[in-house]
Amino acid sequence: MTKIQKILFDYQDEKYADFSAKLVPTLPREAFIGVRSPSYKLILTRIKELPAAELQTFLQRLPHKYHEENSLHIALINKIKNYDECLAELEHFLPYINSWAISDALNPPVLKKNRQQLLPKLEQWMCDEAPFTKRVGLLLLMKYFLDEDFKAEYLELPAKIRSEEYYVNMMIAWFFAEALVKQWDATIPFIQNKKLAFWTHNKAIQKACESFRVLPQRKEYLKTLKL
């Protein structure tokens, strides 16, 4: 057992591990230690005391054995303040992301600050065969490009994606539901013209109708567009 694994096990809660395993069905129960989210602040403080070589080995030696190691890895990437360093560490880790819980925890402030520079990478990741790499590309496009930097063309690539992967299709549906909230006029033609796959089309409508941020009359109209 590594020093970092030992630290993680100091915060083990087996009942929470049982609960977490049910939320992440793509992983076996034995992949979970059972570390609650608030504990990671304490863990991050403790690992700062480790030799730099120990931490670098943790970041470079992949894949990790435990889900919580992946959670810690993402937390460390989120804290990197240099854009090039953050991007390099993320690209090294992307092929080893194996659950929605890890991909969706990604949100480094330095990437958001440099989002125009990041955009070609998001397009590349959305075309990747690995489902969680594709999900990360979609996720960051949703987080960073549906507000002041929005362009209607950003909807085109997500609409063209066809996948057999549940977590990819759910991310596409989430993306378009959020786009309907924030950029209704540009997004509604994609629903009207049935540009999404059947399942993602209906799921995007469902998620938009569940949102408190969509006007009631728009929800009623969306319901008429279900396939």
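Now for a quick tour of the structure. (Residues numbered from 1 in each chain as written. Predicted model: local features only at pLDDT ≥ 70, side-chain atom pairs only at ≥ 80, totals over all residues. Heavy atoms only, no water.)

With the exception of glycine, most residues fall at negative phi, and the peptide bonds are largely trans. Residue leucine 62 is joined to proline 63 through a cis peptide bond whose omega torsion reads 5 degrees. Counting through the fold element by element, proline 63 comes out in the loop between helix 4 (52–60) and helix 5 (67–78). We note that lysine 194 has phi near 55 degrees; this positive angle belongs to a residue other than glycine. Along the chain, lysine 194 falls in the loop between helix 13 (184–192) and helix 14 (198–210). (Helix = DSSP H or I, 4+ residues; strand = E, 2+ residues; numbered from the N terminus.)

On to the pattern of salt bridges. Under the defined criterion, the tally for this structure stands at 11 salt bridges. The closest approach of N and O atoms between arginine 36 and aspartate 13, which form a salt bridge, is 3.1 Å. Of this pair, arginine 36 sits in the loop between helix 2 (14–23) and helix 3 (39–47) while aspartate 13 sits in the loop between helix 1 (3–9) and helix 2, and the two are 23 residues apart along the sequence. For arginine 115, the salt bridge is made with aspartate 149, and the minimal N-O distance between the two is 2.4 Å. (Salt bridge = Lys/Arg side-chain N within 4 Å of Asp/Glu carboxyl O.)

This next bit is on the environment of isoleucine 77. One can find isoleucine 77 in helix 5. Between the alpha carbons of isoleucine 77 and glutamate 210 there is a distance of 32 Å; along the sequence they are 133 residues apart. Here isoleucine 77 is in contact with Cys86, Glu89, Leu90, Phe93, Leu106 and Pro108, once residues within four sequence places are set aside. (Contact = heavy atoms within 4.5 Å.)

One finds Leu111, Leu118, Trp125, Leu140, Phe176 and Leu222 to be the most contacted residues of the largest nonpolar core, which totals 58 residues. Those elements that provide at least two residues to this core are helix 5, helix 6 (83–93), helix 8 (109–113), helix 9 (115–126), helix 10 (131–145), helix 12 (166–182), helix 13 and helix 14. Sort the elements by how many residues they give to this core and helix 12 lands first, with 11 residues. In terms of nonpolar packing, the next biggest core, distinct from the first, is built from 16 residues, Ile7, Tyr40, Tyr66 and Leu76 among them. (Core = buried A, V, L, I, M, F, W, Y, C linked by side-chain atoms within 4.5 Å. Buried < 20%, exposed > 50% of the residue type's maximum accessible area, 1.4 Å probe, protein only.)

Now for the layout of surface pockets. Counted as a void, the largest pocket has a volume near 360 Å³. Lining the largest pocket we find 19 residues, and of these Tyr16, Ser37, His67, Ser71 and Ala101 sit closest to its centre. Those elements that place two or more of their residues in the lining of the largest pocket are helix 2, helix 5 and helix 7 (100–103). The biggest single contributor to the lining of the largest pocket is helix 5, with 6 residues. (1 Å grid on protein atoms, 1.4 Å probe; cavity = no way out; pocket = protein on both sides within 12 Å on 5 of 7 lines; lining within 4 Å. Points joined across faces, edges and corners; volume = space filled by probe spheres on them.)

What follows is about the side chain of threonine 200. Along the polypeptide, threonine 200 turns up in helix 14. Separated by 3.0 Å, the side chain of threonine 200 and the backbone oxygen of alanine 197 make a polar contact. (Polar contact = N/O pair within 3.5 Å; in protein donor to acceptor, adjacent residues only side chain to side chain.)

When you line up the elements, cysteine 86 lands in helix 6. Exposure remark for cysteine 86: the relative accessible area of 0% places this residue in the buried category. Separated by 14 residues in sequence, cysteine 86 and tryptophan 100 have C-alpha atoms that sit 20 Å apart.

Before going further, it helps to examine the environment of valine 110. Within the fold, valine 110 resides in helix 8. Taking the relative accessible area as the measure of exposure, valine 110 reaches 7% and is therefore buried. C-alpha separation for the pair valine 110 and lysine 65, spaced 45 residues apart in sequence, amounts to 28 Å. Leaving out residues up to four positions away in the same chain, valine 110 has contacts with Ile80, Lys81, Asn82, Tyr83 and Cys86.

Enumeration according to the criterion identifies 8 aromatic pairs in this entry. Between phenylalanine 145 and tyrosine 154 the ring centres are 5.3 Å apart and the planes differ by 75 degrees, which places this aromatic pair in the edge-to-face class. Overall, the relative accessible area of 0% leaves phenylalanine 145 in the buried class. What makes tyrosine 154 buried here is its relative accessible area of 6%. An angle of 85 degrees between the planes, with centres 5.0 Å apart, marks the rings of tyrosine 166 and tyrosine 167 as edge-to-face. Taking relative accessible area as the criterion, tyrosine 166 reaches 45% and is therefore assigned partly exposed. Here the aromatic residues Phe132, Tyr166, Tyr167 and Trp199 are joined through ring pairs into a cluster of three or more. Over the aromatic face of phenylalanine 190 sits the side chain of lysine 195, whose NZ or CZ is 4.7 Å from the ring centroid. (Phe/Tyr/Trp six-rings, centres within 6.5 Å; stacked < 30°, edge-to-face > 60°. Lys NZ or Arg CZ within 6 Å of the ring centre and 35° of its normal.)

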